[in-house]
Amino acid sequence: MILRDETGINIAHDKKNEATYKRVQPGQFVIHLRSFQGGFAHSAVEGITSPAYTVLSFIEQDRDHDWFWKLTFSSPNFITRLETVTYGIRDGRSISYEDFTQMRFTSPNHGEQKRMGEYFKSLDHLITLHQRELVRLKNIKKSLLDGMFV
């Protein structure tokens, strides 16, 4: 889930249809129609989504930490388990929300979920910083090589 302006694509829609769209709050998940890479998109921003999607929120906010579940819903183990609640004949099969709600999960307490989620969130941030630095260094290298072989 990202802001429309951050997509780099001009996504047009009919504003009068927005009344039927679903509101998404930070910390909620949007279950895609298709199960690509798990099919659960975590939202860190407030926005709207098509009424065709299911918006998932935790009933007990003080019991479940969204970043922990973001990691869980994108893990290879979860995606493998998700195959039992999908239907269709091709990749990106549809997720049965009713069957999903019957899946059982074990999880640590909220404090541990929060620590785990924040730890991996900080690792993601560190990876992003290193990736940017790598791109910057590659650009410097390219510039130097271009200037060297005139």
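Residues numbered from 1 in each chain as written. Predicted model: local features only at pLDDT ≥ 70, side-chain atom pairs only at ≥ 80, totals over all residues. Heavy atoms only, no water.

### As for the overall build of the protein chain
So, point 1. Helix and strand counts for the protein chain come out as 4 helices and 7 strands.
So, point 2. Listed N to C, the secondary structure of the protein chain is β-β-β-β-β-α-α-β-β-α-α in terms of helices and strands.
So, point 3. Taking all 150 residues of the protein chain together, 25% fall into the buried category.
So, point 4. Taking the contacts inside the protein chain whose residues are at least 6 apart along the sequence as the reference set, 60% of them involve residues at least 24 apart.
So, point 5. When the accessible surface of the protein chain is split by element, carbon and sulfur atoms take 55% of a total near 11100 Å². (Helix = DSSP H or I, 4+ residues; strand = E, 2+ residues; numbered from the N terminus. Buried < 20%, exposed > 50% of the residue type's maximum accessible area, 1.4 Å probe, protein only. Contact = heavy atoms within 4.5 Å. Areas by Shrake-Rupley, 256 points an atom, 1.4 Å probe, with all protein chains shown as cover.)

### Digging into a nonpolar patch on the surface
So, point 1. There is a patch of nonpolar side chains on the surface, built from Met 116, Tyr 119 and Phe 120 and spanning about 300 Å² of accessible area.
So, point 2. By secondary structure assignment, the location of Tyr 119 is in helix H4 (residues 110–148).
So, point 3. For Tyr 119, a relative accessible area of 49% corresponds to the partly exposed category. (Patch = residues over 30% accessible without salt bridge, like charges linked within 9 Å, V, L, I, M, F, W, Y side chains within 5 Å. Salt bridge = Lys/Arg side-chain N within 4 Å of Asp/Glu carboxyl O.)

### Remarks on the nonpolar core
So, point 1. One finds Phe 29, Phe 40, Leu 56, Phe 73, Phe 78 and Phe 100 to be the most contacted residues of the largest nonpolar core, which totals 14 residues.
So, point 2. Counting only elements with at least two residues in this core, the list comes to strand S2 (29–31), helix H1 (66–73) and helix H2 (76–82).
So, point 3. The greatest single-element share of this core, amounting to 3 residues, is contributed by H1. (Core = buried A, V, L, I, M, F, W, Y, C linked by side-chain atoms within 4.5 Å.)

### Some points on H4
So, point 1. Taking 1.5 Å of rise per residue, 39 residues should cover 57 Å, and H4 covers 56 Å from first to last C-alpha, within 8% of that figure.
So, point 2. One side-chain oxygen of the residue at the start of H4 lies 3.0 Å from the amide nitrogen of Gly 111, identifying that residue as Asn 109. (Expected span 1.5 Å × (residues − 1). Polar contact = N/O pair within 3.5 Å; in protein donor to acceptor, adjacent residues only side chain to side chain.)

### Thoughts on the packing of aromatic side chains
So, point 1. Applying the stated criterion across every chain yields a total of 17 aromatic pairs.
So, point 2. Ring geometry for Phe 78 against Phe 100: centres 6.4 Å apart, planes inclined by 90°, an arrangement best described as edge-to-face. With Phe 78 in helix H2 and Phe 100 in helix H3 (residues 97–100), this pair connects stretches of sequence that are 22 residues apart.
So, point 3. By way of ring pairs, the aromatic residues Phe 29, Phe 40, Phe 58, Phe 68, Trp 69, Phe 73, Phe 78, Tyr 97, Phe 100 and Phe 105 are connected into one cluster.
So, point 4. A cation sits over an aromatic face here: Arg 81 above Phe 105, 4.8 Å from the ring centre. (Phe/Tyr/Trp six-rings, centres within 6.5 Å; stacked < 30°, edge-to-face > 60°. Lys NZ or Arg CZ within 6 Å of the ring centre and 35° of its normal.)

### Let's talk about H1
So, point 1. Counted residue by residue, H1 has 6 buried out of 8 residues, so it is predominantly covered.
So, point 2. Taken residue by residue, H1 has Asp 66, Trp 67, Phe 68, Trp 69, Thr 72 and Phe 73 as its buried positions.
So, point 3. The elements touched by buried residues of H1 are S2, strand S3 (40–42), strand S5 (54–56), H2, H3 and H4.

### With respect to the side chain of His 42
So, point 1. Relative to the helices and strands, His 42 is located in strand S3.
So, point 2. Here the side chain of His 42 touches Asp 66 through a polar contact of 2.6 Å, side chain to side chain.

### Structural notes on the sheet that holds S2
So, point 1. Pairing in this open sheet of 3 strands is antiparallel, and the strands run S3-S2-S5 from one edge to the other. Two strands close off the open sheet at either side, each with one partner strand: S3 and S5. On average, adjacent strands in this sheet sit at an angle of 30° to one another, irrespective of strand direction.
So, point 2. With 3 bridges connecting them, S2 and S3 associate as antiparallel partners. Each bridged residue has a counterpart across the sheet, and for Val 30 the counterpart in S3 is Ala 41. (Pairing = 2+ DSSP bridges. Axes fitted to C-alpha atoms, helices over the stretch in contact; angles between N-to-C directions.)

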